[in-house]
Amino acid sequence: MAHVLADAVWPAVPSSGALVLVPVGSTEQHGPHLPLDTDTFVARAVVERTAEVLPEAWVAPPIAYGASGEHAHFPGTVSIGHEALRAVVVELTRSLALWAGRVVFVNGHGGNTATLDTALAQLRAEGHTVAWTACETPNGDAHAGRTETSLMLHLDPDRVRLDAAVAGNTRPLAALLPALMADGVRAVSPSGVLGDPTGASAEEGGRTLDAMVAATLRRIGGWAIDGRGRLVDPGRQSGEARR
Ligand SMILES: [Zn+2]
């Protein structure tokens, strides 16, 4: 069983040395078939499973709002933007540093990436033992497509409206990015889907989740951190990594 901070009483929490894992997500549209908390839910699941393996790990309540301005044209999306997210990450870490040994932010939303890089660079410069890592999968599609639909079918199938699923814009994210950054997701995909949920399955979602947890464990175990505050995968360690 993972240690869950929200369920604990204070005498049960160690006064030093804990590894605190903070899921970072978003509240944003995920097409007509996935719930608005998909990114938060996936990040929380990765954190919980990671913490089950690491006895010193604690699961912190997730940051459920992120930088989701590119999804603002869809009702339901709630974004706090880069500056507020940066401030939350910085202040959470300063507060956690009073009793935690190490802090790792585990991010489920690509739109938070630049903010986490900025916040973590600042925190590392302040001397905090903190890093971040992403829930990512090789060859995954960008948003509310097969990858995320499979993950949610595995984690919480009752909340997936599979009969409402539609294929979205399937061009590579790199090709869509200029228009997406300028005019938002709705301009390139009226449904909000980037990718295609066709073929999604709980089995595939389970394999993807296992791979995300394994990568997170490898990165925490190696504890090599690059200049952006990201945990480096020991399988893909670069020259710039430092301890
Ligand atoms: Zn997502």
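Sequence order as written defines residue numbering, which begins from 1 separately in each chain. Per-residue local features are limited, in this predicted model, to residues with pLDDT of at least 70; the limit for side-chain atom pairs, both in listing and counting, is 80 or more; totals at the level of whole chains, interfaces and linings are taken over all residues. Note that the side-chain values use all heavy atoms of the structure and ignore hydrogens as well as water.

1. Remarks on helix H4 (residues 146-155)
Then, number 1: The buried fraction of H4 amounts to 8 of the 10 residues, a majority that puts the element mostly inside the structure.
Then, number 2: Looking only at H4, the buried set comprises Thr 147, Glu 148, Thr 149, Ser 150, Leu 151, Met 152, Leu 153 and Leu 155. Relative accessibility under 20% of the residue-type maximum defines a buried residue, over 50% an exposed one, and the middle range a partly exposed one, all with a 1.4 Å probe and only protein chains included. Helix numbering and strand numbering both begin at the N terminus, where a helix is a DSSP run of H or I of at least 4 residues and a strand a DSSP run of E of at least 2.

2. Thoughts on the packing of aromatic side chains
Then, number 1: A pair of aromatic rings is counted whenever rings of Phe, Tyr or Trp (Trp by its six-membered ring) have centres within 6.5 Å, and the orientation is called stacked for planes under 30 degrees apart, edge-to-face for over 60 and tilted otherwise. This model, assessed by the stated rule, comprises 0 aromatic pairs.
Then, number 2: Lysine NZ or arginine CZ positioned within 6 Å of the ring centre and within 35 degrees of the ring normal marks a charge as sitting over the ring. Across from the ring centre of Trp 223, 4.6 Å away, lies the NZ or CZ of Arg 102, which sits over that ring.

3. Concerning the packing of helix H2 (residues 81-96) against helix H3 (residues 113-125)
Then, number 1: Fitted lines through C-alpha atoms serve as axes, helices being fitted only where they are in contact, and the angles separating the N-to-C directions of these axes extend from 0 to 180 degrees. Following both chains from N to C, one finds H2 and H3 inclined at 35 degrees, their axes separated by 9 Å at the closest point. Handedness of the crossing formed by H2 with H3: right-handed. Of the residues in H3, those in contact with His 82, Leu 85, Arg 86, Val 89, Val 90, Thr 93 and Arg 94 of H2 are Thr 115, Leu 116, Thr 118, Ala 119, Leu 120, Gln 122 and Leu 123.
Then, number 2: Residues belonging to the contact of H2 with H3 are distributed by class as follows: 7 nonpolar, 5 polar and 2 charged. It is the rotation of the near helix from the far one that decides the hand of a crossing: anticlockwise by less than a right angle makes it left-handed, clockwise makes it right-handed. For this analysis, residues touch if any pair of their heavy atoms sits within 4.5 Å. The residue classification treats Ala, Val, Leu, Ile, Met, Phe, Trp, Tyr, Cys and Pro as nonpolar and Asp, Glu, Lys and Arg as charged. All others, Gly included, are polar.

4. Quick word on the coordination of the zinc ion
Then, number 1: In this listing, donors mean N, O and S atoms no farther than 2.8 Å from the metal, or 3.2 Å for Na, K and Ca; water is missing from the atoms, so a site can look incomplete. Every protein donor of the zinc ion is listed here as His 30 (NE2), Asp 39 (OD) and Glu 148 (OE), and their distances to the metal cover 1.8 to 2.0 Å.
Then, number 2: Here the donor residues of the zinc ion are spaced in sequence according to H-x8-D-x108-E. Across the pair, exposure class does not vary: His 30 and Asp 39 are buried alike.

5. Quick notes on the pairing of strand E2 (residues 18-24)
Regular strands place their side chains on alternate faces of the sheet.
Then, number 1: Here E2 lies mainly inside the structure; 7 of its 7 residues are buried.
Then, number 2: Covered by surrounding structure in E2 are Ala 18, Val 20, Val 22 and Val 24 together with Leu 19, Leu 21 and Pro 23, the residues of both alternating faces.
Then, number 3: Paired strands, as defined in this entry, are two strands with at least two bridges between them according to DSSP. Bridging between E2 and strand E4 (residues 100-107) involves 7 bridges; their strand directions are parallel. If you follow Val 24 over to E4, its bridge partner there is Asn 107.
Then, number 4: Crossover handedness is defined by viewing with both strands directed away from the observer: a clockwise path from the first strand over the helix to the second marks the crossover as right-handed. With helix H1 (residues 38-53) bridging E2 and the parallel strand E3 (residues 57-59), this β-α-β connection has right-handed handedness.

6. Overview of the sheet that holds E3
Then, number 1: Read across the sheet, 5 strands follow the order E1-E3-E2-E4-E5 without closing on themselves; strand pairing throughout is parallel. Single-partner strands in this sheet number two, and they are strand E1 (3-4) and strand E5 (130-134).
Then, number 2: Packed on one face of the sheet, H1 meets E1, E2, E3 and E4 and runs near 160 degrees to E2.
Then, number 3: Strands E2, E4 and E5 of the sheet are contacted by helix H7 (residues 202-222), whose axis makes an angle of about 155 degrees with E5.

7. Concerning H1
Then, number 1: For a helix, the expected span equals 1.5 Å multiplied by the number of residues minus one. Spanning 16 residues, H1 covers 23 Å between terminal C-alpha atoms, matching the ideal 22 Å at 1.5 Å per step.
Then, number 2: Those residues of H1 that sit buried are Thr 38, Asp 39, Thr 40, Val 42, Ala 43, Ala 45, Val 46, Val 47, Thr 50 and Ala 51.
Then, number 3: Of the surrounding elements, those touching the buried residues of H1 are E2, E3, E4, H4 and H7.

8. With respect to the environment of Val 4
Then, number 1: For Val 4, the location among the structural elements is in strand E1.
Then, number 2: When its relative accessible area of 18% is taken as the criterion, Val 4 is described as buried.
Then, number 3: Val 4 sits 67 residues away from His 71 along the chain, and the two C-alpha atoms are 31 Å apart.
Then, number 4: Contacts of Val 4, omitting those with residues within four sequence positions, involve Arg 44, Trp 58 and Val 59.

9. Focus on the pairing of E5
Then, number 1: Taken across its 5 residues, E5 has 5 buried, putting it largely inside the fold.
Then, number 2: Neither face of E5 is left uncovered, since the one carrying Val 130, Trp 132 and Ala 134 and the one carrying Ala 131 and Thr 133 both have all their residues buried.
Then, number 3: By the bridge criterion, 5 bridges tie E4 to E5 in an arrangement that is parallel. Its bridge partner being in E5, Val 106 is matched across the sheet by Thr 133.
Then, number 4: Viewed along the sheet, the connection from E4 through H3 into E5 turns out right-handed.

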